[in-house]
Each structure stands twice: as structure tokens, then as C-alpha cells.
Protein chains: 2
Amino acid sequence: MLRHVSVSGPCSRSAVALATGLNKTTVTSLVSELQARGLVMETGPQHAGSVGRPSVALALDGSRVGALGVEVNVDYIAAIATDLAGRVLVDRRVGFDAMGSSPERSLDELALVVEKTLADLDRLGVTPAGVTVAIPGLIDTITGTVVVAPNLGWHGVAVAERLSQAGIRPDIPIVVDNDANLAALAEYTSGSEAGTSDLVYLTGEVGVGGGVISGGRLLGGADGFAGEVGHIMVDPAGEPCRCGRVGCWETKVGLAALVRMATPDRAYGMGRQIVRDPEERLAEIEQRRAEGDPRVEAAIAEVGRWLGLGASVLVNLFNPRVIVLGGYFARLADRLIPAARQELTRLGMTGAVERCRFVASDLGFGAAARGAAGVVVERALSDPTAISIRHPLPSG
Amino acid sequence: MLRHVSVSGPCSRSAVALATGLNKTTVTSLVSELQARGLVMETGPQHAGSVGRPSVALALDGSRVGALGVEVNVDYIAAIATDLAGRVLVDRRVGFDAMGSSPERSLDELALVVEKTLADLDRLGVTPAGVTVAIPGLIDTITGTVVVAPNLGWHGVAVAERLSQAGIRPDIPIVVDNDANLAALAEYTSGSEAGTSDLVYLTGEVGVGGGVISGGRLLGGADGFAGEVGHIMVDPAGEPCRCGRVGCWETKVGLAALVRMATPDRAYGMGRQIVRDPEERLAEIEQRRAEGDPRVEAAIAEVGRWLGLGASVLVNLFNPRVIVLGGYFARLADRLIPAARQELTRLGMTGAVERCRFVASDLGFGAAARGAAGVVVERALSDPTAISIRHPLPSG
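None of these values were measured; they are calculated from a predicted model.

Here the focus is the environment of Val 159 of chain A. Residues and elements named next belong to chain A. Assignment of secondary structure puts Val 159 in helix α5 (residues 159–164). Along the backbone, Val 159 and Val 133 are 26 residues apart, and their C-alpha atoms lie at a distance of 8.4 Å. In this structure Val 159 touches Leu 107, Leu 110, Val 133, Gly 144, Thr 145, Val 146, Trp 154 and Val 176, once residues within four positions along its chain are discounted.

Spelled out as C-alpha cells, the structure:
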């Protein structure tokens, strides 16, 4: 019923009864419950043009219940809080060297960001319906544990358990999921390609992750591990990857590869070390590019070529309509996309390639946190009874 | 209603009404229609232990309506006809050099096989509910046209249109789909791993195709082209593929690769030529293996290694529980699987690899035709009104 009000906009109790097949007594009783939880409000009489008493219209009162999405990545922690209508209430990004910190230290920082954002919501009179945490790694979503997050150096890190000990109210559900999967959901619900039911999202960061929407559903696989694009082998004669394998796609298109080729004088050591400050490295690459450094253009073209090669594998296997480029890929899209397009056309199955486009994400680095908040909203609309309101309206 | 009777077995009209939410008058009326179409029969009184008049039980009468699945592959045309209960009524396999024939010639042969099998069904008093054709290529399923089938040398071949001109009754729907997708459906519904909701099926033939079941649904992609595993690039420094690209997986694990390595004295020319008689080549490989030819063992191990490498890409992207090996892969599974397993473990994401197994298909080369017949059965159970019975029961 709440979903109907949310999707259809203001409508009367009778209209809700008609549309949902519930009888009017049930609707009236449910509306009272949703009003008490601050999820539905009356918006004044709705003149439907019919004779008789004008009925009062109901609308989603998304403003008093919030959703919190948080992301831990190699060099930042991001938090986005929205209300149930998807309006952004808090947008926070904290630079943090998660790659160089212990998991315990990172979880402390994460808990701090979550607590601060929840306090913001409290001040706004908004009750959080849940927290979803995005992590670049394989996640056991049942227990909220990170099985492995190679670029964070995490193995078996119980994120949900740690947060639940951090003073977060026990009735606020904590969910942990893969960052690229959540970003793909954000693209599908609110990106520039929203509604495209076959879509692949790629995160271009130190690690390269993927999220796949197929037939309008997030592709999970048997364990929720589907779409792990970063470590598919694309070159048996390639360079060693920091995962221990050789020739992984990440060694060709991850930020470290770009830094190594574009600014070799900045590439100390291997893997992690190269991109200790991803934002700084990227800013430098953009600056040198503006100055006309030919190595930078060549490096971007080379990354683009490998991007297209890997994309040809994804197109043959998933047959998407769109490949959305996130993270640093979006920042360099003007040159990356033409190079990738050329290689994709050369290597992908003709029928599938012709109708597939690359586009740059316009959600920025906040895509995963936004998708995480979106998951909370979806759950709240599906099961509003799970929400226990903290700021009850004065009764009557 | 028909599906309920099919799944739940014999049950009374009252039980059907209760389970489906239809009222008894509607059920009685629908049952009459289904009886007239020969889809439902009465199986005598059902004593439910309750007082009152014993009710008559209804059961699926699958025996009078049939489903026809046909497959065109490089060296054979196969047809399997089943009744709606899935019992095989006709199983026909005709050796035919489709690779060496024009599309027109192949379609004539296909039409002949279909006509013969429909005549068999007619003699058995079975009305066909539809024909589904499996082709190793990209299919436009809306028009029933093969966009491209590289190993048949087909481009833009209108299979459904040609069959509809072949004297097949115009009320029998003709559907065309990808062979590996249909085989994956057959594995999911009736193979040894039936019910595994995340499953990848691989056809090992001259071409290598794939069908993906994810979350209990066939993965289609935007155009039904998903799962095209044969031409993913696995080795940029590899051999030319007959598709015009380089380093496709098919060049490493297709039958031509095995023939070239295992029996180099039999490998004349390239690609197609090598495997003009796939069955014969395979029989020879098996014979020489039995005689202890070391080249054969080495070749199978090498193919197994590449099978595992490609499988690691599939496991990272689809996170399946099982990879079902069909076609020639199944015939050599005893040695292929250990070699593939070792490489998969080395290259795949640990979390996803640990719980994924290779198994050999036990549906044989008939998997695609069987899946094709299964599609017809599914459609018939979903929409029995589309069936116009040819052999009406005497009324009364």
C-alpha cells in the first residue's frame, strides 16, 4: 500500500482500496499505522469531479524517515542520507587512507562517520530506517561480513557486527553489500541511464569492480559474488596482479596501471604503493594532460584499449544495452570511450556490440553510497512495519 | 489451472478451486474446455476420507498433446518429441553436413526432419503444440531469424519463415532459439543438476556455446544474445579464429583445437575443414587414447587447462554453483575436469570457486533438442487455449 502511494502520488483512501484490492476498513486501519510512523500524510481534500463528500488525499510523507548509505573505499569514506522520497539530506565525504590502515582502524572511522550522520538526521527530526554499507570486495550478505576486499587488505571482517557495537540503535538494520553492485542499482534507479534493464556498471578506481543489471534485476549469482570483473584474466602473458594472479583486467585498467604509464616518475613500488593518494595522482594526471604531456594521452588511449577488450567479454556474456563508466573512468571519458569503443567493435560479437553504448556515470564517486541508501528506501517501502519511529507526531 | 494439475497430480475440482482461487463454476467450465483439448482427464473417484459424494479426480492428460524440439548442428539434425508430461515419444538423429551445405539445403533437410517427426506424432494420435528449433548462433527470437551462426556459415537465415512454408500447419507456433540456452534450460529442468538456480552450461562441439541460468532464470540480455562464451578473448597472443578475431576461447577448447593437438596427422587445413566429420574425429581420438597415444593425453590436458582458464572468467562474472559440460566435453570429462579444476582454482576468485563444481552432462548431444521441446511444454501449460486439438475425443 505504501508503495502504491509512493509511486502513484496523492490519492484517496478509496482509490488505494480499489488499486490494492484491500477493503476500505483495512486501508483506513493501515493508514493510521503509517501516519503514526510518519510515512503517510493527508494533503487536503482531493476534488475528483465526482459528487458527494470530497475525500482526503494521502501522500507519501518521506520526509520524516531516512535512509543511510555509506561507502568505504581505498582513500575515502562517503555517507549519503536521503529521505524515503530520495531527497539527499546529508552528503559527507571524508578522506581516509583505508588501504594504509588496519581493518580495526578503518571500522572505527566508519563507525564515526555513521554516528555523525545519524546525529545529523536526529537533528533534522528524521528517523533512520536502516544503514547499508558498500565495500569493494566479496561480501557474505547474510552475516554482513567482508569475505575478502583485496584493495583494502581485508579478510573476514565482520562489518555489521562491529557497527552494531558502535552505539547504533539495535532496531536499525545494518546491511553490507558490494560497492559496484550498489552503484549499479543507483544507476538503474537514478542515473542518466535509469530504467535500462540490461546495464553493466564499472568502477574505475584502484580496484575495478562491476555490477550487472540483467532483465531489470541485479545479478547476484549463487553467493552474491557475480560481476567480479577486476580479476578476470585478459592476458596470460601479462603483469602480476596484487591478488597474486597474472594478467587480471585490473592490471590493465586500474588506476595503478594508468599512473604507471601516464606519470612513471610518480610510480614508486608496486600496486597499492603507487596509488596511496588516488585523488592526488588523478589530479596530477589531469594537470599534465592539460599541459600537453604526450605520455598522458598515450596512457589514456592504452587504458581505453584494454577497457574495450574487457568490455567485449562483458558484452558477449551479458549482452547489455549500456556500459556505465564510474569512478576515474568517468573523469577521463572523453578520450577513454573512443579508444574503448574501437576495441569493443573489433572484438565483441557484432549483433550485441552494435546496440551497446559506453556512457560516463554522472553520479560521481558517490554512486555506491547512493545505491546503498536506495536499498534502505526499497526495504522500507516493502516493509514499513520494520520502522520504529523515533520522533512521533503529537497524537490526534 | 493446468499447471496446478500438472504439478500437484490428481486432484478434485474442489481442490483445484481452493488452490487457484477460482470459483467452482469457473473450474468446471475450464475443465470441460481442457478435456475437449485432451489436456485433462478424469481418473476415477478420489476418496479423500471425508463424508459425502466422492469427487472425481482430475489429472494432466499429457499423452495426447506433444512438443517438438529440433536442433541443427554442424554435422547432425536432431529431433525429440515429448508429450506434455515430458515422456519422449520420438528421438531422431540424422547425420547431415550442415557446415558443408548451403543454408537453403540445410533448411530443406530440417523441414524434412520436422515433417517426418510430425507424421510420427500424427500416427500416435498426438497433436503438436509447437515446434522449437535450436541453432548454434545468435537468434532474433521475435522473427525466428538466425542473425549469425558462424559454424554453420549462416547470416540472416529466416528459419521460422522457411518452416512455415514447409507444409507445417499454420496454427503450430514455430520458435527459434540458441542451442546452448535451450540446453541450459534442459539441464535446469531435467539434467543431473536440475533445480540448481545458478548454473552455466557449455556446449563442447566445433563451436563452443554457453547458456546461463541465474537466480532460476535463463539469462537473456538485451537481445537474447547473452552467454556467447565461444568468442570471448582469452589470449591476445593466440591463434586466429575462424570468426576473424584472435585468441577466442573456441580456438583453445573447440573440437578443432583438440583434433589439431591430439591427432595432428588428421588436421588438414584450418577451422571448419579439420572437423568436417566431428563424430569420426572424436571416435578416432578416443580410440588412440585407448591405445595409449601420449599426444592424446597431453592434448586433453591442454584443452582442460584452457577450459579452466575460461571457466574462471565465467565463475568471476556469474558465480554459478555448477558448470555443466555438454557435447564432447562430457565424453572426455574424466581427464578434462581434473585439469580444468586445477586451473579454475588457480585463476578464479577464491570465494566463488570453492563452491563451484564441474559436472559432465548426462543429456548427451540431445540436450538442446530436449530443452527446445521443454520450451513448447512450458508454453502449452501456460496457455493451453493456444492448442487446437487435431484428434478430438468422441464427445460425451
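Quick look at the sheet that holds strand β8 (residues 138–140) of chain B now. Through backbone hydrogen bonds, the strands of a sheet pair up, either in parallel or in antiparallel fashion. Residues and elements named next belong to chain B. An order of β8-β9-β10 is seen for the three strands of this open sheet, with the pairing classed as antiparallel. One side of each edge strand has no neighbouring strand; the edge strands of this open sheet are β8 and β10 (154–158). Between one strand axis and the next, the sheet turns by 15 degrees as a mean value, whatever way the strands run. As judged from the four bridges shared by strand β9 (residues 145–149) and β10, these two strands associate in the antiparallel manner. When the bridges of β10 are listed, Val 148 appears paired with His 155.

With that settled, the discussion passes to the packing of aromatic side chains. In this structure the tally under the stated criterion is three aromatic pairs over all chains. With a centroid separation of 4.9 Å and 50 degrees between ring planes, the pair formed by Tyr 328 of chain A and Phe 329 of chain A is classed as tilted. Owing to a relative accessible area of 1%, Tyr 328 of chain A belongs among the buried residues under this scheme. The class of Phe 329 of chain A is buried, set by a relative accessible area of 0%. Note that Arg 93 of chain A overlies the ring of Tyr 76 of chain A, its terminal NZ or CZ placed 4.0 Å from the centroid. Sitting over the face of the ring of Trp 306 of chain B, Lys 252 of chain B holds its NZ or CZ atom 4.2 Å from the ring centroid.

What follows is about the pairing of strand β12 (residues 199–204) of chain A. All names here are of chain A. Of all six residues in β12, six are buried; the element is thus mostly enclosed. Sheet topology places β12 next to strand β13 (residues 208–214); six bridges connect them, and they run antiparallel. Residue pairing for β13: Leu 199 is matched across the bridge by Ile 213. Between the antiparallel neighbours β12 and β13 lie three residues.

What counts and what doesn't
Residues numbered from 1 in each chain as written. Chains lettered and ligands numbered in written order. Predicted model: local features only at pLDDT ≥ 70, side-chain atom pairs only at ≥ 80, totals over all residues. Heavy atoms only, no water. Helix = DSSP H or I, 4+ residues; strand = E, 2+ residues; numbered from the N terminus. Contact = heavy atoms within 4.5 Å. Pairing = 2+ DSSP bridges. Axes fitted to C-alpha atoms, helices over the stretch in contact; angles between N-to-C directions. Phe/Tyr/Trp six-rings, centres within 6.5 Å; stacked < 30°, edge-to-face > 60°. Buried < 20%, exposed > 50% of the residue type's maximum accessible area, 1.4 Å probe, protein only. Lys NZ or Arg CZ within 6 Å of the ring centre and 35° of its normal.

Any functional reading would require information that these geometric values do not contain.
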